[in-house]
Amino acid sequence: MIANSLKSPTSSTEMDPGIWSKLPPELLEHILFFLPLKTFLNLRSTCKHFKSLVFSPSFISKHSSGSAFSSFLLLSHPQCYSHFPLYDTILGTWRNLALSFSFLPPCAAQFNLLSTSNGLFCFSLPNSCSFLVCNLLAKSSRVIQFPFFPFAFELLTLVSTPDGYQIFMLCSKFSSSCAFVYDSKVHAWRKYEGFQPILIDNFHQEGAPFNGSLYFTTPEPFSVVCFDLENGNWERLNTEMPGELTFVRLVSDTDEGKLYLIGGIGRNGISRSMRLWELGNEGNWEEVERLPELMCRKFMSVCYHNYEHVYCFWHQGMICVCCHTWPEILYFKVSRRTWHWIPKCPSVPDKWSCGFRWFSFVPELYTLA
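Reading the values: the criteria
Position numbers for residues count from 1 along each chain, tracking the sequence in the order it is written. Whole-chain, interface and lining totals are the exception, using all residues; otherwise, since this is a predicted model, local features are given only for residues with pLDDT of at least 70 and side-chain atom pairs are given and counted only at 80 or more. Computation of side-chain values covers all heavy atoms of the structure but excludes hydrogens and water. Exposure is judged per residue with a 1.4 Å probe applied to protein chains only, and the accessible area is read against the type maximum: over 50% gives exposed, under 20% gives buried, and values in between give partly exposed. Put simply, DSSP marks the helices as runs of H or I at least four residues long and the strands as runs of E at least two long, and each gets a number from the N terminus on. A pair of strands is treated as paired once DSSP finds two or more bridges between them. What counts as a ring pair is set by centres within 6.5 Å for rings of Phe, Tyr and Trp (its six-membered ring), and what kind of pair is set by the plane angle: stacked under 30 degrees, edge-to-face over 60, tilted for all other angles. Angles shown run from 0 to 180 degrees and are taken between the N-to-C directions of axes, each axis being a line fitted to C-alpha atoms and, for helices, limited to the stretch in contact. Scored from 0 to 100, pLDDT reflects the predictor's confidence in each residue. Two residues form a contact once any of their heavy atoms are found within 4.5 Å. Only protein atoms enter the calculation, which uses a 1 Å grid: trapped sets of points that fit a 1.4 Å probe without letting it out are cavities, open sets showing protein on both sides within 12 Å along at least five of seven lines are pockets, and any residue with an atom within 4 Å of a point is a lining residue. Grid points are joined across faces, edges and corners, and a volume is the space filled by probe spheres set on the points.

- The name given to the chain in an unreviewed UniProt entry is Galactose oxidase/kelch repeat superfamily protein, and the organism recorded there is Theobroma cacao.

A short note on the pairing of strand β21 (residues 318–323)
- Of all six residues making up β21, six are buried, and the element is well covered by its neighbours.
- In β21, alternate side chains face the same way, and those of M318, C320 and C322 on one face and I319, V321 and C323 on the other are all buried.
- Between strand β20 (residues 310–315) and β21, which pair antiparallel in sequence order, lie two residues; one of them, Q316, sits at a positive phi of approximately 50°.
- The loop that links β21 with its antiparallel partner strand β22 (residues 329–333) comprises five residues.

Some points on the packing of aromatic side chains
- Under the definition given, this model contains 32 aromatic pairs.
- With a centroid separation of 5.9 Å and 45° between ring planes, the pair formed by W94 and W358 is classed as tilted. Of the two residues, W94 is situated in strand β3 (residues 93–95) and W358 in strand β24 (residues 357–361); the sequence distance between them amounts to 264 residues. There is no split in this pair, since W94 and W358 are both buried.

Concerning the sheet that holds β21
- The strand order across the open sheet built from four strands is β20-β21-β22-β23, with neighbouring strands paired in antiparallel fashion. Taken across any chain shown, the strands that pair with only one partner, and hence form the sheet edges, are β20 and β23 (338–342). Across this sheet, the average inter-strand angle for adjacent strands is 25°, counted without regard to direction.
- One ladder, built from six bridges, connects β20 with β21; its direction is antiparallel. In the sheet register, V310 faces β21, and the bridge partner there is C323.

Side note on the sheet that holds strand β9 (residues 164–171)
- One open sheet holds the four strands; their spatial order is β8-β9-β10-β11, and the pairing between them is antiparallel. Every other strand in the sheet has two partners, leaving β8 (154–161) and β11 (188–193) as the edge strands with one partner each. This sheet shows a mean twist of 20° between the axes of neighbouring strands, independent of strand direction.
- The pairing of β9 with strand β10 (residues 178–183) spans six bridges and is classified as antiparallel. From the neighbouring strand, M169 faces β10, where its bridge partner is F180.

Considerations on the confidence of the model for the chain
- When the pLDDT values of the chain are averaged, the result is 86; 88% of them are 70 or greater.
- Looking across the chain, the model is least confident in helix α1 (residues 2–7), with a mean pLDDT of 43, and most confident in strand β19 (residues 285–290), with 98.
- Per-residue pLDDT stays below 50 along residues 1–11; that stretch engages in five contacts with residues further than four places along the chain or on separate chains.

A word on the layout of surface pockets
- By volume, the largest pocket amounts to about 1100 Å³.
- If you go around the largest pocket, you meet 44 residues; those closest to its centre are S117, N118, P209, S252 and T254.
- Among the secondary structure elements, those contributing two or more residues to the lining of the largest pocket are β4 (112–117), β8, β12 (208–210), β16 (245–253), β20 and β24.

Side note on unusual backbone geometry
- Residue P150 is bonded to the preceding F149 through a cis peptide linkage, with omega at -15°.
- Inspection of the secondary structure puts P150 in the loop between β7 (140–145) and β8.
- Its identity is not glycine, yet N268 carries a phi of approximately 55°, on the positive side.
- Considering the arrangement of structural elements, one finds N268 in the loop between β17 (258–267) and β18 (270–279).
- Backbone geometry at H305 places phi at a positive 60°, although glycine is not the residue there.
- Within the secondary structure, H305 sits in the loop between α7 (293–303) and β20.
- What makes H305 partly exposed here is its relative accessible area of 27%.

Okay, structure coming up:
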């Protein structure tokens, strides 16, 4: 039948529906999986069967490893509202990609990016007194109302879990600060006691997720405390901090189960060096690496020794050290034990002198809001 159709002068380049409809489902899936991912995702709207293929075991096994997607460092700045420059950390270059927010509800006409985790974005919606969690790749979103009005919060941290996500934040409205946690499994807020004294003098720094808890540092005298996301208990880490610290930040590698501390070393609030430590099995901080002197001089001149502008986060094997007043990122490649600078985005004007907020963006199809 195929041979006859090829010989016919009126034959079409389209496949005979009689043949297409008789293909075994597993063979049809195998053919479709050769399509580019973007084309395949666009097919979801054509029929229910194609939509269901996105969640089939064979498709998940092919694309859930993350190899189909790039990973990005995303820049948020008050003067580039709703446009987020992206640095592709796999290709090592800035990408001219526009993130689409057209699927968001009408209440998201204005938004501020607060946190990211495992492909999820958490925005605040100032016009509706709520948060919005969304997955740009899966085009899923959820509006979450504030626990009460007015609601002033700090240290907001979005944490992706195997079966959903949680949003942590502190609120100082009451006589003593309180912790609030939103759990996507029950779609509800839980309120817990806060921690005294204040955790940190930097509101750009998020908590570091580690072993089911969020870890924070306190101002001088420096120490580490953790908040159990399941039962709401606070605990101070019983470990000796490195000496002569001028500032400290925490980041975590959740895949490998490691907690890192980045800090400046010096006297009288002036850092002469910057070092990286890892929390050892015995609960002590083990030095991993030191920032080379020339790079240290540049970083300290960038932040003018105002360490409240410094914040850190983990991204795909990289420990990123950022400054709210500088458009470049300093990062440590853990596997190579080397330090590098990510250059300034070409589209960022020189007149922008502050407000630089960086996030890790690793697209994930199956992390749903």
